[in-house]
Amino acid sequence: MTIKLSDVDPDDTPDAPGDKEATNAASAALNEKLAELQERLYAEAKQSLLVVFQAMDTGGKDGAIKH
């Protein structure tokens, strides 16, 4: 499958749950679940997790890492 970047709308957010308010609400629920999973991973002390952030400059990597 060939993808032409000129055919892709960079403002498209098809997987977002809705407007900013709905996205923030969904993020809060996902953050709770992530915290639970992170605690399990830490408690188990058998596995590691590597997260790779890739984006253009000003892509929000620093803010995502801080959160």
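Look up a bit, the structure's there.
A brief structural summary.

### Quick word on the overall build of the protein
Helix and strand counts for the protein stand at two helices and zero strands. In terms of overall dimensions, the protein is more spread out than a globule: its C-alpha atoms have a radius of gyration of 16 Å, far above the 11 Å expected for 67 residues. With the C-alpha coordinates of the protein rotated into their principal frame, the extents come out at 45 × 30 × 25 Å. Burial statistics for the protein: of 67 residues in total, 0% are counted as buried. Of the charged side chains in the protein, 7 are positive and 13 negative; the average position of the first set lies 7 Å away from that of the second.

### Comments concerning the layout of surface pockets
Put simply, the largest pocket is a space of about 210 Å³. What lines the largest pocket is Asn 31, Leu 34, Ala 35, Gln 38, Phe 53, Ala 64 and His 67. Examining the composition of the lining of the largest pocket, we find that four residues originate from one element, helix H1 (residues 20-44), more than from any other. Tallied by class, the residues present in the lining of the largest pocket amount to four nonpolar, three polar and no charged.

### Observations regarding H1
An ideal rise of 1.5 Å per residue puts 36 Å on 25 residues; H1 measures up with 35 Å between its terminal C-alpha atoms. Downstream of H1 by a residue or two, Ala 45 has a phi angle that is positive, lying close to 55°.

### Focus on the environment of Ile 3
One can find Ile 3 in the segment before H1. Residues Ile 3 and Arg 40, 37 residues apart in the sequence, show an inter-C-alpha distance of 39 Å.

### What about a nonpolar patch on the surface?
Taken together, Met 1, Ile 3, Leu 5 and Val 8 make up a surface patch of nonpolar side chains, about 560 Å² in accessible area. On the accessibility criterion, Val 8 (45% relative accessible area) is partly exposed.

### A word on unusual backbone geometry
At Ala 45, a position not held by glycine, the phi torsion is positive, near 55°. Within the secondary structure, Ala 45 sits in the loop between H1 and helix H2 (61-66). Look at Ala 45 and you get exposed, because its relative accessible area is 64%.

### Focus: a negative patch on the surface
Together, Asp 9, Asp 11, Asp 12 and Asp 15 make up a region of like negative charge exposed at the surface. Tracing the sequence through the fold places Asp 11 in the segment before H1. Exposure remark for Asp 11: the relative accessible area of 66% places this residue in the exposed category.

Cut-off values and rules
Residues numbered from 1 in each chain as written. Predicted model: local features only at pLDDT ≥ 70, side-chain atom pairs only at ≥ 80, totals over all residues. Heavy atoms only, no water. Helix = DSSP H or I, 4+ residues; strand = E, 2+ residues; numbered from the N terminus. Rg over C-alpha atoms; globule rule 2.2 N^0.38 Å. Buried < 20%, exposed > 50% of the residue type's maximum accessible area, 1.4 Å probe, protein only. Lys, Arg positive; Asp, Glu negative; His and termini not counted. Charge placed at Lys NZ, Arg CZ, Asp CG, Glu CD. 1 Å grid on protein atoms, 1.4 Å probe; cavity = no way out; pocket = protein on both sides within 12 Å on 5 of 7 lines; lining within 4 Å. Points joined across faces, edges and corners; volume = space filled by probe spheres on them. Nonpolar A, V, L, I, M, F, W, Y, C, P; charged D, E, K, R; others polar. Expected span 1.5 Å × (residues − 1). Patch = residues over 30% accessible without salt bridge, like charges linked within 9 Å, V, L, I, M, F, W, Y side chains within 5 Å. Areas by Shrake-Rupley, 256 points an atom, 1.4 Å probe, with all protein chains shown as cover. Salt bridge = Lys/Arg side-chain N within 4 Å of Asp/Glu carboxyl O.

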